[in-house]
Amino acid sequence: NDKPEFVTQLIDTAITVNTISSTTSVLWGKNVKNVQLVVRMGAITTTAPQFTIQGSLDGTNWYNIGTALTSVASSTVQTTVNNINAARVRVIVSTAGAGATLGDLTLRTF
């Protein structure tokens, strides 16, 4: 069947990339199969932040999905995790940056 897939996305420009455990808002993930994280960074003077996609079945207890994505100064990086099973997804700063400036972060479920 060639029906277009349903895509939900969240664009975040306010996550605090220089603070560990800072999170995005939650994106609905029920009945989706895949999740993609795209991070566009500005300058990084000392330490590149790392981001991890997390899933939850109840919105309270969170678990990591896939491996951490390391940002790159003045570049865009992405990771896609297939075959997920989570009612909700979000992104957490798993390694705090130092002197890092975020362009934007996009989280998609499809």
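Residues numbered from 1 in each chain as written. Predicted model: local features only at pLDDT ≥ 70, side-chain atom pairs only at ≥ 80, totals over all residues. Heavy atoms only, no water.

**Observations regarding the overall build of the protein chain**
For the protein chain, the count of helices and strands is 0 helices and 8 strands. Ordering the α and β elements of the protein chain from the N terminus gives β-β-β-β-β-β-β-β. Its C-alpha radius of gyration of 14 Å places the protein chain within 12% of the 13 Å reference for a compact globule of 110 residues. Oriented by its inertia axes, the alpha-carbon framework of the protein chain measures out at about 45 × 30 × 20 Å. For the protein chain, the proportion of contacts with a sequence separation of at least 24, taken over those separated by at least 6, is 78%. Accessible area for the protein chain stands at about 5,900 Å²; split by element, carbon and sulfur atoms hold 48% of it. Positive and negative side-chain charges of the protein chain, numbering 7 and 5 respectively, have mean locations separated by a distance of 4 Å. (Helix = DSSP H or I, 4+ residues; strand = E, 2+ residues; numbered from the N terminus. Rg over C-alpha atoms; globule rule 2.2 N^0.38 Å. Contact = heavy atoms within 4.5 Å. Areas by Shrake-Rupley, 256 points an atom, 1.4 Å probe, with all protein chains shown as cover. Lys, Arg positive; Asp, Glu negative; His and termini not counted. Charge placed at Lys NZ, Arg CZ, Asp CG, Glu CD.)

**Focus: the pattern of salt bridges**
Under the defined criterion, the tally for this structure stands at 1 salt bridge. Taking the shortest distance from any N to any O, the salt bridge between Asp104 and Arg40 comes out at 2.8 Å. Residue Asp104 is found in strand E8 (residues 98–109), and its partner Arg40 is found in strand E3 (residues 34–47); the two are separated by 64 residues along the sequence. (Salt bridge = Lys/Arg side-chain N within 4 Å of Asp/Glu carboxyl O.)

**Let's talk about the packing of aromatic side chains**
On inspection of all chains with the given rule, the structure shows 0 aromatic pairs. Positioned above the aromatic ring of Trp62, the side-chain terminus of Arg90 is 4.2 Å from the ring centre. (Phe/Tyr/Trp six-rings, centres within 6.5 Å; stacked < 30°, edge-to-face > 60°. Lys NZ or Arg CZ within 6 Å of the ring centre and 35° of its normal.)

Note that all results are geometric; they support no functional claim without further evidence.
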